[in-house]
Amino acid sequence: MANAPYRIDAVLFDFDGTLTRPGSLDFSVIKRAIGCPDDVPVLEFMAGVGDPVQRHDMARQLDRFELDGAVASRPNAGAEQLVGSIKAAGLPVGILTRNSRASVTRALENFSTLRVGDIDVMVTREDPVKIKPSGEGVLLAARNMGVDPAHVLVVGDFLFDMQAGGDAGALTAYLTNGRPTPEHLDCRFVVDTLLDLEPILVDGVSLPAGKLPNAFLGKLLDRYRIQDPSVIVGPSVGEDAAAVDIHGREVLVLKSDPITFATESIGRYAVLINANDMATAGADARWMLATLLLPCGFSRDQVRRIFAELHATCRACGITLCGGHTEITDAVCRPVVTGMMAGTIARKDLIQKRRMAPGDRVLVTKGIAVEGTAIIAAEFRELLLEKGMTAAEIDACSRFQSMISVLPEARIAWDVGGISALHDVTEGGIATAVTELSQAGGRGIRIQRDALPVFPQTRRMAEVLGIDPLGLIGSGSLLVCCRPDRAGRLLSAMKKAAIVATDIGVVTEAGPGIDAVEKEIPVAWPHFDVDEITRLFG
């Protein structure tokens with residue numbers, strides 16, 4: 001596989017010997033029938049015949065030859081599975097062939113699941129472009145599929161396929177079908193079977209908006225292991241902050257997080273979201289750096305407002321805003337504020353998720369999707385009104401902004417003690433957060449799904465928008481794992497502070513994974529590839 005990065009937005013297949021098994025067309029037969037030399041391609045030979053009557057007769061024989069081959073052809077191994085995977089990923093699929101459209105259509109009748117209607121673009125020798133090895137057919141297919149030729153993967157089993165792809169500036173994959181690879185082959189990828197393309201396609205398909213998928217992120221992090229022995233908590237799926245040993249007794253806690261969804265009160269969000277993650281390690285944030293990337297068209301007054309929010313929120317939280325960077329750039333279409341925070345804590349007080357143990361109770365504070373409820377109310381007010389929510393209902397949702405911080409409940413948890421893990425509910429909602437907590441702690445979690453607290457305002461908003469609150473960004477809710485003998489005391493302390501807290505489950509002896517139940521009946525625990533809010537911004 002080539003080292004250069006690549007992206008695949010569409011796949012263009014050769015047909016005979018690629019989507020169909022090799023051998024259905026023996027061109028030596030047709031060459032003998034029309035008098036074509038063995039070392040000259042059939043179509044190029046026919047184009048050089050001056051007698052139009054003779055050329056017409058050759059074309060007729062070629063059509064019959066191809067149709068007979070189409071009747072006898074069969075799908076290549078893995079062809080239908082691969083095309084199905086590509087279509088499921090949302091990519092268009094095309095066919096580029098030197099054959100006739102009629103022969104391709106007939107051959108597709110021999111496929112079990114793949115039909116002509118599944119092919120978004122078909123370029124054959126009847127189309128008004130030069131045939132392979134020219135790249136004109138690739139360019140035509142890319143144009144009809146609405147993609148840049150540089151992001152089209154051309155797959156074929158013949159040198160002409162690779163030359164056509166290369167001529168058009170496309171990605172190319174040579175299919176050997178188990179044969180030796182030709183000398184002087186110029187292509188990006190070489191595969192023995194069609195299904196060998198699957199990992200290439202997975203790596204090339206555009207990622208959805210939002211955080212990287214946890215499985216992919218986990219593999220990336222495993223590849224780049226930390227060698228510095230002073231790092232106590234390093235990058236890992238489900239870890240909210242890093243922790244570095246300073247001199248044995250004190251730990252430096254570090255956190256960085258961008259705000260990408262909210263535009264209203266974005267400065268306040270940037271401080272609180274980062275401070276929340278610091279709190280999950282048991283540390284108060286002391287210092288903050290802020291990087292502001294603002295879209296073209298921003299005014300001085302708008303910049304001044306964000307600075308004021310950053311400073312006011314930091315001051316309220318006892319944090320010093322000690323630096324950062326601000327610029328106007330066309331690299332973003334909405335403001336992005338990235339916070340980087342640091343604080344110190346005694347090593348003995350550092351909360352580490354790997355201390356989770358079977359029997360620990362799992363609590364959640366407030367209700368789920370607090371942040372998502374507030375953001376949607378601020379960013380999509382007109383849509384909510386159109387969907388039937390009243391102005392009063394939307395205003396009530398907007399006031400959820402006041403609940404974004406989890407510092408009050410985190411400090412109560414620190415004081416009560418017996419805490420084995422804290423986890424801030426962010427992108428992907430409570431469903432993703434519980435899964436991340438389980439993975440970071442290396443333990444299974446049994447969740448009482450019907451115990452999950454959902455504010456009626458959030459439920460109403462989710463119903464009118466058709467989104468699932470379990471997958472909606474949820475800063476403002478804190479997941480708490482505590483020793484079972486401290487759960488009652490912690491719930492009482494939260495209640496005394498007027499903070500709603502709910503016991504939703506228990507840590508189990510099993511390995512990472514979620515065992516969800518409703519009224520003691522096993523139910524599925526949802527998985528969200530992207531946060532539900534991205535469906536609205538998309």
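Description of the structure in this document. (Residues numbered from 1 in each chain as written. Predicted model: local features only at pLDDT ≥ 70, side-chain atom pairs only at ≥ 80, totals over all residues. Heavy atoms only, no water.)

1. Notes on the overall build of the protein
Rule in force here: Helix numbering and strand numbering both begin at the N terminus, where a helix is a DSSP run of H or I of at least 4 residues and a strand a DSSP run of E of at least 2. With C-alpha atoms as the basis for the radius of gyration, the globule rule is written as 2.2 Å multiplied by the number of residues raised to the power 0.38. Here's how the labels work: a residue is buried when its accessible area is under 20% of the maximum for its type, exposed when over 50%, partly exposed in between, all with a 1.4 Å probe on protein chains only. Throughout, a residue-residue contact means that at least one pair of heavy atoms, one from each residue, lies within 4.5 Å. Computed with a 1.4 Å probe, the accessible areas rest on the Shrake-Rupley method; for each residue, only the protein chains presented here act as cover. Asp and Glu count as negative and Lys and Arg as positive, but His and the ends of the chain are not part of the count. Just so you know, the charge point we use is NZ for Lys, CZ for Arg, CG for Asp and CD for Glu.
A count of helices and strands for the protein gives 20 helices and 19 strands. In summary, the protein has a C-alpha radius of gyration of 30 Å against a globular reference of 24 Å for 538 residues, an excess of more than 25%. Principal-axis analysis of the C-alpha atoms places the extent of the protein at approximately 95 × 55 × 55 Å. Put simply, the protein has 538 residues, and 49% of those count as buried. By sequence separation, contacts in the protein at least 24 residues apart represent 78% of the contacts at least 6 residues apart. Split by element, the accessible area of the protein, about 24600 Å² in all, is 53% carbon and sulfur. Placing the 55 positive and 68 negative side-chain charges of the protein at their respective mean positions leaves the two points 6 Å apart.

2. Thoughts on the environment of Asp 301
Position of Asp 301 among the secondary structure elements: in helix H12 (residues 300-317). Put simply, Asp 301 and Ala 440 are 139 residues apart on the chain and 42 Å apart in space, counted from C-alpha to C-alpha.

3. Overview of the sheet that holds strand S18 (residues 513-518)
This is how the line gets drawn: The pairing criterion for strands is at least two bridges between them, as found by DSSP. Here an angle of 0 to 180 degrees is reported between the N-to-C directions of two axes, which are lines fitted to C-alpha atoms, with helices fitted over the stretch in contact.
The strand order across the open sheet formed by seven strands is S14-S16-S13-S17-S15-S18-S19, and the pairing between neighbours is mixed. Single-partner strands in this sheet number two, and they are strand S14 (419-424) and strand S19 (521-523). Taken over all neighbouring pairs, the strand axes of this sheet differ in orientation by 30° on average, direction set aside. Across five bridges, S14 lies against strand S16 (residues 478-482) in antiparallel orientation. What sits directly across from Ala 421, in S16, is Cys 481. Those strands touched by helix H11 (residues 266-280) are S14 and S16, and its axis lies near 165° from that of S14.

4. Topic: the nonpolar core
Quick reminder of the rule: For this analysis, a nonpolar core means a set of buried residues of the types Ala, Val, Leu, Ile, Met, Phe, Trp, Tyr and Cys, connected via side-chain atoms within 4.5 Å.
Residues Val 253, Met 288, Leu 310, Ile 319, Leu 350, Ile 376 and Leu 490 are the most contacted members of the largest nonpolar core, which totals 74 residues. When residues of this core are assigned to their parent elements, the largest contribution, nine residues, is made by H11. Among residues more than four places away in sequence, those in contact with Leu 350 are Ile 232, Val 233, Ala 243, Val 251, Val 253, Ala 281, Ile 345 and Arg 355.

5. Here we look at the pairing of strand S12 (residues 336-346)
With 10 bridges joining them, strand S9 (residues 250-259) and S12 adopt antiparallel strand pairing. Across the sheet, the residue bridging to Pro 258 is Thr 338, located in S12. As judged from the seven bridges shared by strand S10 (residues 287-294) and S12, these two strands associate in the antiparallel manner. Considered in S12, the bridge of Met 288 is made with Met 341.

6. Some points on H11
Going by this rule: How far a helix is expected to stretch is found by multiplying one less than its residue total by 1.5 Å.
Counted at 1.5 Å a residue, the expected span for H11 with its 15 residues is 21 Å, and the 22 Å between its end C-alpha atoms agrees. For H11, a buried count of 14 out of 15 residues is recorded, marking the element as mostly surrounded by other parts of the structure.

7. Thoughts on the packing of H11 against helix H16 (residues 407-416)
Formally: Just so you know how the angles are binned, under 35 degrees is roughly parallel, over 145 roughly antiparallel, 65 to 115 roughly perpendicular, and the rest oblique. Three categories are distinguished: nonpolar for Ala, Val, Leu, Ile, Met, Phe, Trp, Tyr, Cys and Pro, charged for Asp, Glu, Lys and Arg, and polar for the others, with Gly belonging to the last.
Running from N to C, H11 and H16 point in directions that differ by 10°, and their axes come no closer than 10 Å. Looking at the two axes, H11 sits roughly parallel to H16. Residues Ala 275, Asn 276 and Ala 279 of H11 form the contact with H16, whose own contacting residues are Leu 407, Ala 410 and Trp 414. Classifying every residue of the contact of H11 with H16 gives five nonpolar, one polar and no charged.

8. Looking at empty space enclosed by the protein
The condition that has to hold: Lining residues are defined by having an atom within 4 Å of a point belonging to a cavity or pocket. Those points lie on a 1 Å grid over the protein atoms alone, cavities being sets where a 1.4 Å probe fits but cannot get out and pockets being open sets with protein on both sides within 12 Å along at least five of seven lines. Grid points are joined across faces, edges and corners, and a volume is the space filled by probe spheres set on the points.
What the rule picks out here adds up to four cavities of 30 Å³ or more. Empty space within the largest cavity amounts to approximately 60 Å³. If you trace the largest cavity, you find it lined by Val 233, Glu 239, Asp 240, Ala 241, Ala 243, Thr 280, Ala 281, Leu 350, Ile 351 and Lys 353. For the lining of the largest cavity, the class distribution of residues is six nonpolar, one polar and three charged.

9. Description of the state of the cysteines
To keep things clear, this is the line we draw: Disulfide assignment relies on a single distance test, namely cysteine sulfur atoms paired within 2.5 Å.
Enumeration over the complete set of coordinates arrives at zero disulfides. Cys 314 takes part in no disulfide bond, and the closest cysteine sulfur, belonging to Cys 317, lies 7.1 Å away. We classify Cys 314 as buried; its relative accessible area is 1%. Here Cys 322 is not cross-linked by a disulfide; its sulfur's nearest cysteine counterpart is in Cys 314, at 8.9 Å.

10. Let's talk about the sheet that holds S12
Reading across the sheet, the six strands line up as S7-S8-S9-S12-S10-S11 and stay open at both edges, with mixed pairing between neighbours. Here the strands that pair on one side only, and so sit at the sheet edges, are strand S7 (231-233) and strand S11 (320-328). Taken over all neighbouring pairs, the strand axes of this sheet differ in orientation by 20° on average, direction set aside. Against the sheet, H11 makes contact with S9, S10 and S12, and its axis sits at roughly 145° relative to S9, the strand it touches most.

11. Overview of the side chain of Asn 99
Among the structural elements, Asn 99 can be located in the loop between strand S2 (93-96) and helix H6 (101-108). Residue classification places Asn 99 among the buried positions, given a relative accessible area of 7%. If we ignore the near neighbours within four places in the chain, the residues touching Asn 99 are Asp 16, Leu 25, Glu 66, Val 104, Thr 124, Arg 125 and Glu 126.

12. Things to note about the pattern of salt bridges
Stated precisely, the cut-off is as follows: Salt bridges are defined by distance alone: a side-chain nitrogen of Lys or Arg within 4 Å of a carboxyl oxygen of Asp or Glu.
Going through the model one piece at a time under the given rule, you end up with 31 salt bridges. Notably, a salt bridge pairs Asp 9 with Arg 7, separated by 2.8 Å at the nearest N-O pair. On the basis of relative accessible area, Asp 9 is assigned to the buried category, the value being 16%. Among the ionic pairs, Glu 409 bridges to Lys 366, the shortest N-O distance being 3.0 Å. Residue Glu 409 is located in helix H16, and its partner Lys 366 is located in the loop between strand S13 (361-365) and helix H13 (370-379); the two are separated by 43 residues in the primary sequence.

13. Quick look at the packing of aromatic side chains
Threshold: Pairs were defined over the aromatic rings of Phe, Tyr and Trp, the Trp ring being its six-membered one, requiring ring centres within 6.5 Å. Orientation was assigned from the angle between planes: stacked under 30 degrees, edge-to-face over 60, tilted for the rest.
Applying the stated criterion across every chain yields a total of seven aromatic pairs. On the numbers, 5.1 Å between centres and 65° between planes, the contact of Tyr 6 with Phe 189 is edge-to-face. Taken as a pair, Tyr 6 in the segment before strand S1 (10-13) and Phe 189 in strand S6 (residues 189-191) lie far apart in primary sequence, 183 residues in all. There is no split in this pair, since Tyr 6 and Phe 189 are both buried. Counting every residue linked through ring pairs, the aromatic cluster contains Phe 261, Phe 380 and Phe 537.

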